[in-house]
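# Coordinate analysis (summary)
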Amino acid sequence: HRPGLDLRRLAQRPRGFMMVVQIPRHRRAREENRRSWHGGAFIVESLVLLAFLMAALAVVVQLTGIAHERGTEADHLSNAVTIAANNAEAFAADPASGNMTASFTIANGSLVEVDGTPDAGNESTTYQVNRTVEQHDKGGGTLYTAHIAVTQGAETVYTLDTSRYSTSAEEA
């Protein structure tokens, strides 16, 4: 039993009556400050999280762009290697065929040779192949060397050097 608290008076209180407890003013001020600080901390944390997510998104977008660029470069190199390898096989079959220049483009997902001059506005998918053949006469035959260069626009994408020796009996 606490001194100063009259239980009989509490029991006599009317039924709809609500007891009000007064909180000292200095205590209320501290609680309000604490509540506003928690709200401010949440906002600061949210802003830090938002800044981190924006930075992460910028990095992911940059990496995606770089990966796309590298994939395009790999496609161009793969096409140039295919063109040079096919040209080297044609040279190996007939080394006396000499110098040649041809243009290739991508049509329906495959490389096709272009008849005539290629479109000037279509440099991104047009490849130019140049084969320069030199022949060196030797005692028993001829050594043919070929330098094959595949370009796209003004840029050389791939070069290949190959040679073939033909005996005098093969040339006849």
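Look a little higher up for the structure.
Predicted model only: the values in this text are computed from it and were never measured.

With that settled, consider the overall build of the protein. Scanning the protein for helices and strands turns up three helices and five strands. The buried share of the protein, reckoned over its 172 residues, is 17%. Taking contacts inside the protein between residues at least 6 apart in sequence as the whole, the part at least 24 apart equals 51%.

Attention now moves to the nonpolar core. Listed in full, the ten residues of the largest apolar core are Ala80, Ile83, Ala84, Ala88, Ala102, Phe104, Tyr127, Val129, Ile148 and Val150. Mapped onto this core, the elements with two or more residues apiece are helix 2 (25-93), strand 1 (100-107), strand 3 (126-137) and strand 4 (141-152). Residues contacting isoleucine 148, with those up to four places away along its chain left out, are Ala84, Asn87, Ala88, Val129, Asn130, Arg131, Tyr158, Thr159, Leu160 and Thr162.

On to the sheet that holds strand 2 (residues 110-114). Strand order in the open sheet formed by five strands is 2-1-3-4-5, and the pairing between neighbours is antiparallel. Since the sheet does not close on itself, it has two edges, and those belong to strand 2 and strand 5 (155-167), each with one partner. Adjacent strand axes in the sheet meet at a mean angle of 25° when their direction is disregarded. Summarising the sheet, strand 1 and strand 3 pair through six bridges and their orientation is antiparallel.

Turning our eyes to something else, we now look at the pairing of strand 2. Examined bridge by bridge, strand 1 and strand 2 share five bridges and lie antiparallel to one another. From the neighbouring strand, isoleucine 106 faces strand 2, where its bridge partner is leucine 111. Between the end of strand 1 and the start of strand 2, which pair antiparallel, lie two residues, with asparagine 108 showing a positive phi angle near 55°.

Next up on the list: the environment of valine 81. On the secondary structure map, valine 81 appears in helix 2. For valine 81 and tyrosine 158, which are 77 residues apart along the polypeptide, the C-alpha to C-alpha distance reads 6.6 Å.

Here is what the cut-offs are and how they apply
- Residues numbered from 1 in each chain as written.
- Predicted model: local features only at pLDDT ≥ 70, side-chain atom pairs only at ≥ 80, totals over all residues.
- Heavy atoms only, no water.
- Helix = DSSP H or I, 4+ residues; strand = E, 2+ residues; numbered from the N terminus.
- Buried < 20%, exposed > 50% of the residue type's maximum accessible area, 1.4 Å probe, protein only.
- Contact = heavy atoms within 4.5 Å.
- Core = buried A, V, L, I, M, F, W, Y, C linked by side-chain atoms within 4.5 Å.
- Pairing = 2+ DSSP bridges.
- Axes fitted to C-alpha atoms, helices over the stretch in contact; angles between N-to-C directions.

Keep in mind these values describe shape, not function.
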